[in-house]
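Geometric and topological summary
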Amino acid sequence: MIRKNYILPRSALGLLGLTSMAGCDGAQSALAPAGRAAVQIANLFWVMLAGAVVIWLVVIGLATYAKFINRKPHDSWRAKYLIIGGGVVIPTIVLFALLSYGLAMLPDLLAPAPAGSLRIQVSGLQWWWRVRYAGEDDRFAELANEIRLPVGEPVEFELGSADVIHSFWIPSLGGKMDMIPGRQNRLRLEPLRTGVFRGVCAEYCGASHALMSFYVVVMEPDDFAAWLATQQQPAQAPASPLAERGEILFQQLGCGACHSIRGTDAAGGVGPDLTHVGGRLSLAAGLVKNDREHLQQWIRQPKQMKPEALMPAFDMLPPGDLEALSAYLEGLK
Ligand code: CUA
């Protein structure tokens, strides 16, 4: 009976291990690297793991030998050399080797991107990400919760925060970096293959910390240039009578006090820029798919989806108004 009880949690643990390993192939895994820094960090992990496994096997082997194979006590000088050798000399050599291997990577991981590289400003806010691509003159692109990058090019992120400390982390592309109010940190990343990856906030920052993620789309350089050119454009005019009504509602309800839609009167700087919101993959910082149903759900009850979000609820709107607003926003590609 006791034995049965003992096995159950162990098999449950095994299952947990398997499911968490299955997650390692995904869009958010440091073990499936897609960036130059991530490759180095993954190699470091495997070398450290191999070192730990070898040491574990040796220790368990010696313990087994002493317990089951040769139980005779050692004489005192042999015991002394075993303790000095196994307790001091070998750990010093092994740890020094592993530490040297790890430290040797630092200069390259911390080096800034070459002059002229793409620069992207990302600011952490409770609980979303403001992303800004500076262009020539006063052309710029601003969006939220989505970053697009050209493959094979180094990019420099300028990371800041508007409220509390957040941490910017795209496990597939590289290491994490804190976002600290009043300070600008830099992080260089270089994606090595195209794909859609996921980034997260890696520092507890309040009620909806776990709901603060974003998508990173790595594209061919030509596709990226075309995307960026579109993002720099002002918003498209509404394409249907329903969307036109949505634009008027957007102005009447005062949405523009918090949100910007470039090319219209909406110029608020509190919430995310919505100029091209319809072209984004997700809503509410990686929380849900960007479609009309979720747009309406978010406008109606944002705090139900994201506790303590600053966006006020518009659940008093009749369904027809919600339909019009979401049609307008969905059309802002
Ligand atoms: Cu932002 Cu955790």
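The structure we're discussing is the one just above.
Since the structure is predicted, the reported quantities are computational estimates derived from the model, not experimental observations.

1. Quick word on the sheet that holds strand β7 (residues 177–179)
- Within the open sheet, the five strands sit side by side as β4-β10-β9-β6-β7. Their pairing is mixed. Since the sheet does not close on itself, it has two edges, and those belong to β4 (146–150) and β7, each with one partner. With direction set aside, neighbouring strand axes in the sheet form an average angle of 25 degrees.
- As defined by bridge partners, strand β9 (residues 195–201) adjoins strand β10 (residues 213–219) across six bridges and the pair is classed as antiparallel. Bridge assignment links R198 to a residue of β10, and that residue is Y215.
- Docked against the sheet, helix α5 (residues 221–232) engages β4 and β10, running at close to 135 degrees with respect to β4.

2. A word on the packing of helix α7 (residues 292–300) against helix α9 (residues 319–330)
- Where α7 meets α9, the axes come as close as 9 Å, and the angle between the chain directions of the two elements is 120 degrees. The orientation of α7 relative to α9 falls into the category oblique. Here α7 and α9 pass one another in a crossing that is right-handed. Residue-level inspection shows R292, L295, Q296, I299 and R300 of α7 in contact with α9, the latter providing L322, E323, L325, S326, A327, L329 and E330.
- A breakdown of the residues in the contact of α7 with α9 according to their chemical character gives six nonpolar, two polar and four charged.

3. Notes on the packing of helix α6 (residues 241–252) against α9
- The interhelical angle for the contact between α6 and α9, taken along N-to-C directions, is 100 degrees, at an axis separation of 7 Å. Between α6 and α9, the crossing angle belongs to the class labelled roughly perpendicular. Taking contact as the criterion, the partners of L242, A243, R245, G246, E247, L249 and F250 in α6 are, on α9, G320, D321, E323, A324, L325, A327, Y328 and L329.
- Among the residues making up the contact of α6 with α9, the classes are represented as nine nonpolar, two polar and four charged.

4. Remarks on the packing of aromatic side chains
- Counted under the stated rule, the structure contains 10 aromatic pairs.
- Centroid distance W129 to F168: 6.0 Å. Interplanar angle 75 degrees. Geometry classified as edge-to-face. Residue W129 is located in strand β2 (residues 128–134), and its partner F168 is located in strand β6 (residues 166–169); the two are separated by 39 residues in the primary sequence. Here W129 matches F168 in class, with each residue buried.
- An aromatic cluster is present here, built from W129, F157, F168 and F214 joined pairwise through their rings.
- If you follow R132 out to its NZ or CZ, it ends over the ring of F140, 3.8 Å from the centre.
- Taking NZ or CZ as reference, K176 lies 4.4 Å from the ring centre of W169, over its face.

5. Focus on the sheet that holds strand β8 (residues 185–189)
- Read from one edge to the other, the open sheet built from five strands follows the order β3-β2-β1-β5-β8, with strand pairing classed as mixed. On the outer flanks of this sheet lie β3 (140–144) and β8, each paired with one strand and no other. For this sheet, the mean inter-axis angle between neighbouring strands, taken without regard to orientation, is 25 degrees.
- With six bridges connecting them, strand β1 (residues 118–125) and β2 associate as antiparallel partners. From the neighbouring strand, Q121 faces β2, where its bridge partner is R132.

Definitions and limits used
Residues numbered from 1 in each chain as written. Predicted model: local features only at pLDDT ≥ 70, side-chain atom pairs only at ≥ 80, totals over all residues. Heavy atoms only, no water. Pairing = 2+ DSSP bridges. Helix = DSSP H or I, 4+ residues; strand = E, 2+ residues; numbered from the N terminus. Axes fitted to C-alpha atoms, helices over the stretch in contact; angles between N-to-C directions. Contact = heavy atoms within 4.5 Å. Parallel < 35°, antiparallel > 145°, perpendicular 65-115°, else oblique. Left-handed = near helix turned anticlockwise from the far one by under 90°. Nonpolar A, V, L, I, M, F, W, Y, C, P; charged D, E, K, R; others polar. Phe/Tyr/Trp six-rings, centres within 6.5 Å; stacked < 30°, edge-to-face > 60°. Buried < 20%, exposed > 50% of the residue type's maximum accessible area, 1.4 Å probe, protein only. Lys NZ or Arg CZ within 6 Å of the ring centre and 35° of its normal.

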